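In case you want the letters, here they are:
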Amino acid sequence: MPDNVVPIVSGLFEILPNNLIVLPVLFEGQVKAVIELASVGSFTDLQVSFLEQLTASIGIVLNSIEATMQTEGLLTQSQQLATELQSQQRELQQTNEQLEQKAQQLAERNVEVEAKNQEIEQARRALEEKASELALTSKYKSEFLANMSHELRTPLNSILILGQQLGDNPDGNLSSKQVEFARTIHSAGTDLLNLISDILDLSKIESGTVTVDVEDIFFTNLVDMVARPFRHEADSRRLSFEVQLDPQLDRSITTDSKRLQQVLKNLLSNAFKFTDQGGVKLSVSQVTGVGAPTTPS
């Protein structure tokens, strides 16, 4: 035995061993443990044989313990996996429930969309029917206006011819005032004929393709044609009617003469309509600032 051998210690004494035996614990050729035994005396052959048999039994026991521990470990892992699987199954079930809710909501939304599409289709059909009705009504209106315009043209042409003949006064038996009346009748009839022509041109008005006939017109001629029909109205209603031209004006203006006369005649007609006393004044001047005059004349 070496000098540094570990002593055998008990409660009563301490002594150095004289013999030492080291026995491997084997199971199917694999070392499971090592048994070291120290003794004061020598190991007999019987003791050695016993110890060798004992190590074989201990190897079986250790292997059984190791297998049991491995089984317990696998069981624990299996339980953990089962728990995780249950958790995943619950999550999957919740996901399926959410998908079912989404599918139900989508089905409800599809029903709503289908209902909306049906409403839109009904509205479209109603609009098409309404458009057809409007087109038919417009057609009847245009035909009616065309017929009425032609009916109005016949007596109006007669008035224009007679007014022209009276204004020419071929027999010379009319006074100057009567000639002026006849010319006023002819001028008003001409304006009415132009309006009837515009009524016949409703298709252009509805399609927005009304043309503007631009020409140069003298201010004196414009004012004379506009004011002539209202002079007799002013005399009959005992109202004063004054026409004033700014001397700084140019001789003419470039515009659509017919439509400008319509605007001015409408303005004068409203002025006479709402004037009971005093008079009406038509003043034509050039605008000096930006915009129109603040007070109409």
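Here the structure is a predicted model, which is why all the values come from computation and not from measurement.

Reading guide: rules and limits
Residues numbered from 1 in each chain as written. Predicted model: local features only at pLDDT ≥ 70, side-chain atom pairs only at ≥ 80, totals over all residues. Heavy atoms only, no water. Helix = DSSP H or I, 4+ residues; strand = E, 2+ residues; numbered from the N terminus. Contact = heavy atoms within 4.5 Å. Buried < 20%, exposed > 50% of the residue type's maximum accessible area, 1.4 Å probe, protein only. Polar contact = N/O pair within 3.5 Å; in protein donor to acceptor, adjacent residues only side chain to side chain. Patch = residues over 30% accessible without salt bridge, like charges linked within 9 Å, V, L, I, M, F, W, Y side chains within 5 Å. Areas by Shrake-Rupley, 256 points an atom, 1.4 Å probe, with all protein chains shown as cover. Salt bridge = Lys/Arg side-chain N within 4 Å of Asp/Glu carboxyl O. Axes fitted to C-alpha atoms, helices over the stretch in contact; angles between N-to-C directions. Parallel < 35°, antiparallel > 145°, perpendicular 65-115°, else oblique. Left-handed = near helix turned anticlockwise from the far one by under 90°. Nonpolar A, V, L, I, M, F, W, Y, C, P; charged D, E, K, R; others polar. Core = buried A, V, L, I, M, F, W, Y, C linked by side-chain atoms within 4.5 Å. pLDDT = per-residue confidence, 0-100. Phe/Tyr/Trp six-rings, centres within 6.5 Å; stacked < 30°, edge-to-face > 60°. 1 Å grid on protein atoms, 1.4 Å probe; cavity = no way out; pocket = protein on both sides within 12 Å on 5 of 7 lines; lining within 4 Å. Points joined across faces, edges and corners; volume = space filled by probe spheres on them.

Further remarks concern the environment of L260. The topology assignment puts L260 in helix α5 (residues 257-273). Excluding residues that lie within four positions of it along the chain, L260 makes contacts with L222 and T255.

Moving on to the environment of D256. Inspection of the secondary structure puts D256 in the loop between β7 (252-255) and α5. Of the residues examined, D256 reaches a relative accessible area of 7% and is grouped as buried. Measuring from C-alpha to C-alpha, the distance between D256 and I196 comes to 18 Å, with 60 residues separating the pair along the chain. With residues near it in sequence (within four places) discarded, D256 still touches T211, V212, D213 and V214. A polar atom in the side chain of D256 sits 2.9 Å from the side chain of R259.

Residues other than glycine seldom take positive phi values, yet E28 does so here, at roughly 55°. Mapped onto the fold, E28 is located in the loop between β3 (19-27) and β4 (30-39). In this structure E28 comes out as exposed when scored by relative accessible area, which is 70%. Located in the positive-phi region is N169, a residue other than glycine, with phi close to 50°.

Taken together, the side chains of M1, L20, V22, L26, V31 and V34 define a hydrophobic patch exposed on the protein surface, amounting to about 550 Å² of accessible area. For the nonpolar patch, the elements supplying multiple residues, two or more each, are β3 and β4. Sort the elements by how many residues they give to the nonpolar patch and β3 lands first, with three residues. Note that V31 resides in strand β4.

This paragraph deals with the packing of helix α4 (residues 219-236) against α5. Running from N to C, α4 and α5 cross one another at 25°; their axes reach a closest spacing of 10 Å. By the angle between their axes, α4 is roughly parallel relative to α5. Regarding α4 and α5, the two cross each other, and that crossing is right-handed. Between α4, through L222, M225, V226, F230, E233 and A234, and α5, the contact on the second element is made entirely by L260, Q261, L264, K265, L268, S269 and F272. For the contact of α4 with α5, the residue count by class is nine nonpolar, two polar and two charged.

If you trace the backbone, V214 turns up in the loop between α3 (202-207) and β5 (215-218). For V214 and E128, which are 86 residues apart along the polypeptide, the C-alpha to C-alpha distance reads 40 Å. Not counting residues within four places of it along the chain, the set of residues in contact with V214 comprises T254, T255 and D256.

We now examine the nonpolar core. Among the nonpolar cores identified, the biggest contains 16 residues, and F230, F241, L268, F272, V280, L282 and V284 are the most heavily contacted of them. The set of elements that each furnish at least two residues to this core consists of α4, α5 and β8 (279-284). Top contributing element to this core by residue count: α4, with seven residues.

Let's shift gears to the confidence of the model for the chain. Per-residue pLDDT for the chain averages 83, and the proportion of residues at 70 or more is 91%. Between the elements of the chain, mean pLDDT differs from a low of 57, seen in α3, to a high of 90, seen in β8.

According to the stated counting rule, one finds two aromatic pairs in the structure shown. For the ring pair F230 and F272, a centre distance of 5.5 Å and an interplane angle of 5° mean the geometry is stacked. Of this pair, F230 sits in helix α4 while F272 sits in helix α5; the two residues are 42 residues apart in sequence, bridging distant segments of the chain. Accessibility expressed as a relative area gives 0% for F272, which makes it buried. When the centroid spacing of 5.3 Å and the interplanar angle of 70° are considered together, the rings of F241 and F272 count as edge-to-face. On the criterion of sequence distance, the pair formed by F241 in strand β6 (residues 240-245) and F272 in helix α5 is long-range, its members being 31 residues apart. Cluster of aromatic residues (ring-pair linked, three or more members): F230, F241 and F272.

Empty space within the second largest pocket amounts to approximately 470 Å³. Residue lining of the second largest pocket: 17 residues in total, with A188, D191, L195, P229 and K265 positioned closest to the centre. Taken together, the elements giving at least two residues each to the lining of the second largest pocket come down to α2 (176-200), α4 and α5. For the lining of the second largest pocket, the leading source of residues is α2, giving eight residues.

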